[in-house]
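One-letter residues, chain by chain:
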Amino acid sequence: MNRKSFYFIILITLLLNLLPARAQYLAPAQTKFTLQDTLRGSITPERAWWDLIFYHLDISVKPSDSTIYGTNTVTYRVIISSDIMQIDLQPPLEIIKAEQNGKSLSFKREGNVYWIRMVENQKPGEIYSLILNYGGRPKISRRPPWEGGITWKKDKNNLPFVASSCQGDGASLWWPCKDHMYDEPDSMLISVNVPSNLMDVSNGRLRSVVKHKNNTTTYNWFVANPINNYGVNINIADYAHFSEVFNGEKGKLDCDYYVLKENLEKAKIQFRQAPMMLSAFEYWFGPYPFYEDGYKLVEAPYLGMEHQSSITYGNGFRNGYMGTDLSGSGWGDKFDFIIVHESGHEWFANNITYEDIADMWIHESFINYSENLYVEYYYGKDAGSEYVLGSRMNIKNDRPVTGIYNVNFSGSGDMYYKGGSMLHTIRQIVDDDEKWRTILRGLNKDFYHQVVKGSQIEEYMSSKAGINLKPVFDQYLRDIRIPVFEYYVKGNKLTFRWNNCVQGFNMPLRIYISGIRKDIVPTTRFSTIDLETDNAVITVDPNYYVGYLNMTGK
Ligand SMILES: [Zn+2]
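Residue indices begin from 1 for each chain and proceed along its sequence in written order. Under the rules for a predicted model, residues below a pLDDT of 70 receive no local features and side-chain atom pairs below 80 are neither given nor counted, while totals for whole chains, interfaces and linings still include all residues. Only hydrogens and water are set aside when side-chain values are computed; all heavy atoms of the structure are taken into account.

Novice: Help me understand the layout of surface pockets in this model?
Specialist: Sizing a probe to match a water molecule and rolling it over the atoms shows the empty space that remains. In the cavity and pocket records, a cavity denotes points on a 1 Å grid over the protein atoms alone where a 1.4 Å probe fits but cannot get out, a pocket denotes an open set with protein on both sides within 12 Å along at least 5 of 7 lines, and lining residues are residues with an atom within 4 Å of a point. Grid points are joined across faces, edges and corners, and a volume is the space filled by probe spheres set on the points. In this structure, the largest pocket encloses a volume near 1,100 Å³. Looking at the largest pocket, it is lined by 39 residues, and the ones nearest its centre are Trp146, Gln167, Gly168, Met360 and Ser410. Numbering of helices and strands runs from the N terminus; a helix is a DSSP stretch of H or I covering at least four residues, while a strand is a stretch of E covering at least two. Counting residues per element, the ones that place at least two in the lining of the largest pocket are α3 (35-41), β19 (304-305) and α7 (337-344).

Okay, structure coming up:
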């Protein structure tokens, strides 16, 4: 596809997104998109022609003047020959110089995008490197991690405590890259130079520490696995370090913990939950996906984020979500929300990664759901159910869970609790706990280290469950209505249907007829079944996230 026809299709897509049929559910946040949104959120021709192999991000971070300067060397394989490359870097940062094989390249800025003009003939199949020299004073995050940027804080000893976070806003907030999730480098080297009284903790393993004469030190972190760009992070502080080895499904997993010195004793107690989390999630989801890179929990000056193999933590060394149980069921007080939730993302977010943020439910629905699986693992199945049911208080049904594709626009915050409730509902439909666990583990095995579309996950689950779940996904991901089970009892007959639902909704449902379990498959048309007794009392299994209405009011 050439550039012109590409942007024509994008224009049509944008216009379609504005049609009233969709807009009725999408009104509140944002319905207009700019060319910048498209450049950020789609696989443009200037991105598509080259395949990322390796990044070497090599930067100096100076807390004294809040600047970052350095280079990112981008190694890539040419797919189709082209002469314009898209590199993303957001103001106020600037690319100072771009060069390939010793030759300086010209470039033009268009908002958050740099168009780099290649000089050398880019031969398909060949590997090239490009050095991007950049720097400046990156955006400061006012609300980390919900708003991306750098956080510059101080510890109790007045030493700098610095961290990056950039999900949604993009890694190009602080380093130049191909800022789209579809393409990940196969591995990455992150070299961070900091004042010698501090240390940097990034992703992967610490390969070397190099002290310089100017009283700075460079920490070289190597990530041996593909990594998504918002997963890359820096954490700079006067850290204390302790470690342990977890005997997991794939052997010995190195677990390293970095916290401010003032919190070391508290962390040694609270972080006992890290191996507990690993045991629970390896049981449900399969082996931790990054044994080669180890697992780290790193204290950060904000609540937390799923940075790959270096989960950042700022939950105050107490249970719950900053001390509260988001489920209101009591079970949320039993574990540290950030250790469990953010680490769970190693499976759903870092192992299986959304291609488009419109499908962010792949990360958040499964990980909201994982919280109850953690509860179930330690406290039993009823406890897990109570956690899910309690969490429904947080569902808004304001707009669909799925966002808008190709413009970097995520769906409703319902991707957490409603998504978790949807998965809990699907588990009821599957009605076979071993099969369900096999599906969850299968996802992590069959999509190992992959970037996926939501539809791939949906189709996979349908095929492994042996049930067409499409109407269920349509209902809960792409519509805001909660299906209502309408019924009435007349004599010894029960009549029922689904209402307030998508066309063709036919989700199986478990009901109880005067306390006796009965599995039925309602459709949007009324059907009738015989009951053993007259005037039976009908109840709907509360594990299904549905409404119900006795039409006769009895
Ligand atoms: Zn999350």
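Novice: For this particular structure, what's the right way to read the packing of helix α6 (residues 273-285) against α7?
Specialist: In a packed pair of helices, the relevant descriptors are the angle between the two axes and the axis-to-axis distance. As a rule, the C-alpha atoms of each element are fitted with a line to give its axis, helices using only the stretch in contact, and angles between N-to-C directions run from 0 to 180 degrees. It is the contact of α6 with α7, at a shortest axis distance of 10 Å, that shows an interaxial angle of 40 degrees. Taken together, the axes of α6 and α7 lie oblique to each other. Of the two possible hands of crossing, α6 and α7 adopt the one that is right-handed. Across the interface between the two elements, Gln273, Ala274, Met277 and Phe281 from α6 touch Ile339, Val340, Ser343 and Gly344 from α7. Any angle that is under 35 degrees is reported as roughly parallel, and any over 145 degrees as roughly antiparallel; angles of 65 to 115 degrees are reported as roughly perpendicular and all others as oblique. Helix crossings fall into two classes, left-handed where the near helix is turned counterclockwise from the far one by less than a right angle and right-handed where it is turned clockwise. Residue contacts follow a heavy-atom distance rule, with two residues in contact if any of their heavy atoms lie within 4.5 Å.

Novice: I would appreciate a short explanation of the packing of aromatic side chains in the present structure.
Specialist: Aromatic rings considered in pairs are described by the distance between their centres and by the relative angle of their planes. Note on aromatic pairs: the rings of Phe, Tyr and Trp (six-membered ring only in Trp) are paired at centre separations within 6.5 Å, and the planes decide the class, stacked below 30 degrees, edge-to-face beyond 60, tilted for the rest. Counting across every chain of the model gives 45 aromatic pairs. With a centroid separation of 5.4 Å and 25 degrees between ring planes, the pair formed by Phe281 and Phe285 is classed as stacked. Of this pair, Phe281 and Phe285 both sit in helix α6, separated by 4 residues, roughly a single helical turn. For the residue pair Phe281 and Phe285, the accessibility class agrees, reading buried in each case. We call a residue buried when its accessible area falls under 20% of the maximum for its residue type, exposed when it is over 50%, and partly exposed in between, using a 1.4 Å probe and counting protein chains only.

Novice: What exactly am I supposed to notice about empty space enclosed by the protein here?
Specialist: As enumerated under the stated definition, the model contains 2 cavities of 30 Å³ or more in all. What the largest cavity holds in volume is close to 140 Å³. Forming the boundary of the largest cavity are 16 residues, of which Arg40, Met181, Tyr354, Ile357 and Asn408 lie nearest the centre. Taken together, the residues of the lining of the largest cavity sort by class into 5 nonpolar, 7 polar and 4 charged. Taken together, Asn368, Tyr369, Asn372, Tyr387, Val388, Ser391, Tyr417, Gly420 and Ser421 make up the full set of residues lining the second largest cavity. Those elements that provide at least two residues to the lining of the second largest cavity are α8 (361-379), α9 (381-391) and α10 (417-430). Per-class residue counts for the lining of the second largest cavity are 4 nonpolar, 5 polar and no charged. For this scheme, ten residues count as nonpolar: Ala, Val, Leu, Ile, Met, Phe, Trp, Tyr, Cys and Pro. Four count as charged, namely Asp, Glu, Lys and Arg, and the remainder, Gly too, count as polar.

Novice: What is the right way to look at the coordination of the zinc ion in this model?
Specialist: Ideal geometry at a metal gives 109.5 degrees between four tetrahedral donors and either 90 or 180 degrees between six octahedral ones. Coordinating donors are taken as N, O and S atoms within 2.8 Å of the metal, stretched to 3.2 Å for Na, K and Ca; because water is absent from the atoms, sites can appear incomplete. For the zinc ion, the full set of protein donor atoms is His341 (NE2), His345 (NE2), Glu364 (OE) and Glu364 (OE), and the range of their distances to it is 2.0 to 2.6 Å. As a motif over one chain, the donors of the zinc ion read H-x3-H-x18-E. Linking His341 in helix α7 with Glu364 in helix α8, this pair joins segments that are 23 residues apart in sequence. For the residue pair His341 and Glu364, the accessibility class agrees, reading buried in each case.

Novice: Could you clarify how one ought to interpret the environment of Leu326 in this entry?
Specialist: Take Leu326: it is sitting in the loop between β20 (311-313) and α7. We classify Leu326 as partly exposed; its relative accessible area is 23%. It is 52 Å that separates the C-alpha atoms of Leu326 and Met118, two residues lying 208 residues apart in sequence. Apart from the residues within four sequence positions on either side, Leu326 is in contact with Tyr321, Phe337, Met393, Asn394 and Tyr417.

In short, geometric facts, not functional conclusions.
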